[in-house]
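Close look at the chain arrangement
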Amino acid sequence: MHSRTRAKSDTIVAIATPSGRGGVGVIRISGSDLRAFAERLTGRELQPRMAALATVRDGGGNALDQVIALYFQAPASYTGEDVIELQGHGGPAVMQALLARCLTLGCRLARAGEFTERAYLNDKLDLVEAEAVADLIDAASVEAVKSAARSLAGEFSARVHALVAQLTDLRMHVEACIDFPEEEIDPADRQIQQTKLQQIRADWDTLARQAKQGAVLREGLTVALIGRPNVGKSSLLNCLAGDDIAIVTPIAGTTRDQVRATIHLEGVPIHLIDTAGLRDTDDVLERIGMERTWAAVKSASAALLICEAGEVMGAAEAQIAAKLPVGLPIAWVYNKIDLFGRPHGGQNNEGGVVSLPLSAMTGEGVDALRAWLLKAAGWTPTGEGVFMARQRHLVALQQVKTHLDAADLVGSQFELFAEELRLAQHALSSITGEFTPDDLLGEIFGKFCIGK
């Protein structure tokens, strides 16, 4: 079990805005009792939550920058400690000068994610909400923003806590049966326990479905476009991306290295990798490109095997298909239907293989491909709100299901029943951070940006 301990009292500082030039740059400081520090830094006494115009000077009294200074007194701050934010002019040199002055006055540089880690350790956020901070910053679509915002607002955590409360209630009922073995268990009690268990399983199913959809919004799908040279892989990438990202020529072997693009379908990020054409060749550069093609396939979550619509998938395509990883979702794309007169007709399943006739040039049939990509990503829009979720959340939820299923099987064996419920509650509580090892915390917050 991870027991939250209050963050260290040393004072940390970081530039909270991106590097580069900007109209405004922000320096963030967090620590214990920063009133005196604030006065040394700004030359004036700061009042909580009152913006103040101040001049920050170096050790020799020379002005570094005129800033807007904000002081947030503990515990009413982001980290739960005293927090100072300086809004200065956003030039890199100015920001570095302000940062250096803070370091001279006794601050140390903050680690990645340390401000949010302190917020978690000081009970300002639970672990799901803390992770949602990073997800909101990284969100690349409006749908992802809404999903992360729901998690940050506590909706995901509230659902987890509600399920924990249901498990606690059921465990109390079962433990009472264990503590008083001499009492004959009323069949009605057994029925109540089963009814409560089935309700928990139903609520778990809804939560897991929403979390899985949130994970799709966060992770998306990585798709490798593969096939022989000149079948239109680069043209299809450009068509899906809506821009001339890849070079397209009639010359076989034009694509020597990977070209990547990310598109968003219903808010789901689809990471496309255009690869070098696969064929027998003595060209050293082409061979290197093909090696990278197979490396891309290994890292992909799905693949589009492309040939021309006027051809039948032949020996070359069969050889390529045979080398693809087992279980990898694959669509066989018949491109250039505008040249060969083949109707697009949407998705065709031929012998269990998904076939997608289309034209990368005119866009015919591409909507069917987009639909297949969303299905391969696992996106099934239901109209209900989803929560931004991570792989560790899905793993924990799967562990919960395993223990709930086991509890259902043991039935009236109360000791085993109670133990499975305890393990289910333990797995569920790990999501919000009640039971979390310290090494996991380091991994989570280490992926945050500096200053957050």
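Keep in mind the model is a prediction, meaning the values are calculated, not measured.

Reading guide: rules and limits
- Residues numbered from 1 in each chain as written.
- Predicted model: local features only at pLDDT ≥ 70, side-chain atom pairs only at ≥ 80, totals over all residues.
- Heavy atoms only, no water.
- Helix = DSSP H or I, 4+ residues; strand = E, 2+ residues; numbered from the N terminus.
- Buried < 20%, exposed > 50% of the residue type's maximum accessible area, 1.4 Å probe, protein only.
- Areas by Shrake-Rupley, 256 points an atom, 1.4 Å probe, with all protein chains shown as cover.
- Pairing = 2+ DSSP bridges.
- pLDDT = per-residue confidence, 0-100.
- Contact = heavy atoms within 4.5 Å.
- Expected span 1.5 Å × (residues − 1).
- Core = buried A, V, L, I, M, F, W, Y, C linked by side-chain atoms within 4.5 Å.
- Axes fitted to C-alpha atoms, helices over the stretch in contact; angles between N-to-C directions.
- Parallel < 35°, antiparallel > 145°, perpendicular 65-115°, else oblique.
- Nonpolar A, V, L, I, M, F, W, Y, C, P; charged D, E, K, R; others polar.
- Salt bridge = Lys/Arg side-chain N within 4 Å of Asp/Glu carboxyl O.

Describing the overall build of the protein
When you go through the protein residue by residue, the secondary structure sums to 15 helices and 13 strands. Put simply, the protein has 452 residues, and 47% of those count as buried. Accessible surface, the protein: about 21400 Å² in total, of which carbon and sulfur atoms supply 54%.

With respect to the pairing of strand 10 (residues 302-308)
Among the 7 residues in strand 10, 7 count as buried, and that is most of the element. As defined by bridge partners, strand 10 adjoins strand 11 (residues 330-335) across 6 bridges and the pair is classed as parallel. In the strand pairing of strand 11, Ile 306 is matched with Val 333.

Structural notes on the confidence of the model for the protein
When the pLDDT values of the protein are averaged, the result is 83; 82% of them are 70 or greater. For the stretch residues 251-256, pLDDT sits under 50, and the model shows 20 contacts to residues farther than four places along the chain or on other chains.

Observations concerning unusual backbone geometry
Between Ala 74 and Pro 75 the backbone carries a cis peptide bond, its omega angle lying at 0°. Note that Pro 75 resides in the loop between strand 4 (63-72) and strand 5 (82-90). One non-glycine residue with positive phi stands out, namely Arg 49, at about 60°. Checked against the element boundaries, Arg 49 lands in the loop between helix 1 (35-42) and strand 3 (52-57). Take Arg 49: its relative accessible area is 52%, and that puts it in the exposed class. Not every positive phi belongs to a glycine, and Lys 336 is a case in point at roughly 70°. With respect to the helices, strands and loops of the structure, Lys 336 is situated in the loop between strand 11 and helix 11 (337-340).

Focus on the pairing of strand 1 (residues 12-15)
Across the two faces of strand 1 the burial is the same, with Ile 12 and Ala 14 and Val 13 and Ile 15 all buried. With 4 bridges joining them, strand 1 and strand 2 (residues 22-31) adopt antiparallel strand pairing. When the sheet's bridge partners are listed, Ile 15 is paired in strand 2 with Ile 27. The turn joining strand 1 and strand 2, which pair antiparallel and follow one another in sequence, is formed by 6 residues; a positive phi near 110° is taken by Gly 20. Bridge count between strand 1 and strand 6 (residues 108-109): 2 bridges; the pairing is parallel. When the sheet's bridge partners are listed, Ile 12 is paired in strand 6 with Arg 108.

Looking at the sheet that holds strand 5
Taken in spatial order, the 6 strands line up as 3-4-5-2-1-6 in an open sheet, and their pairing is mixed. Each edge of the sheet is formed by a strand with only one pairing partner; in this case those strands are strand 3 and strand 6. Here strand 2 pairs with strand 5 via 9 bridges, running antiparallel. Looking at the pairing, Gly 25 lines up with Gly 88 of strand 5.

Some details on helix 14 (residues 414-432)
Between its first and last C-alpha atoms helix 14 spans 28 Å; for 19 residues at 1.5 Å apiece the expected length is 27 Å, and the two agree. The positive-phi residue at the C-terminal boundary of helix 14 is Gly 433, with phi of around 105°.

What about the nonpolar core?
Judged by nonpolar contacts, the single largest core of 33 residues is most densely connected at Val 223, Leu 236, Ile 270, Leu 304, Leu 369, Trp 372 and Leu 373. With near-sequence residues (within four places) excluded, Ile 270 lies in contact with Leu 221, Val 223, Ala 261, Thr 262, Ile 263, Leu 265 and Leu 373. Among the nonpolar cores identified, the runner-up in size contains 32 residues, and Leu 207, Phe 387, Phe 417 and Leu 428 belong to it.

Observations concerning the packing of helix 13 (residues 391-410) against helix 14
Look at helix 13 against helix 14: their axes get within 8 Å of each other, and the N-to-C directions meet at 170°. Comparing their axes, helix 14 and helix 13 come out roughly antiparallel. Contact residues: Arg 392, His 393, Ala 396, Leu 397, Gln 399, Val 400, His 403, Leu 404, Ala 406, Ala 407 and Val 410 in helix 13; Leu 416, Phe 417, Glu 420, Leu 421, Leu 423, Ala 424, Ala 427, Leu 428, Ser 430 and Ile 431 in helix 14. Residue composition of the contact of helix 13 with helix 14, by class: 15 nonpolar, 4 polar and 2 charged.

A closer look at the pattern of salt bridges
On inspection of all chains with the given rule, the structure shows 20 salt bridges. The shortest N-O distance in the salt bridge between Glu 114 and Arg 111 comes to 3.5 Å. By relative accessible area, which is 43% here, Arg 111 ends up partly exposed. Across the pair Asp 169 and Lys 196 runs a salt bridge whose closest N-O atoms are separated by 2.7 Å. In this pair, Asp 169 sits in helix 6 (residues 155-179) while Lys 196 sits in helix 7 (residues 187-219), placing the two residues 27 residues apart along the sequence. A relative accessible area of 26% places Lys 196 in the partly exposed class.

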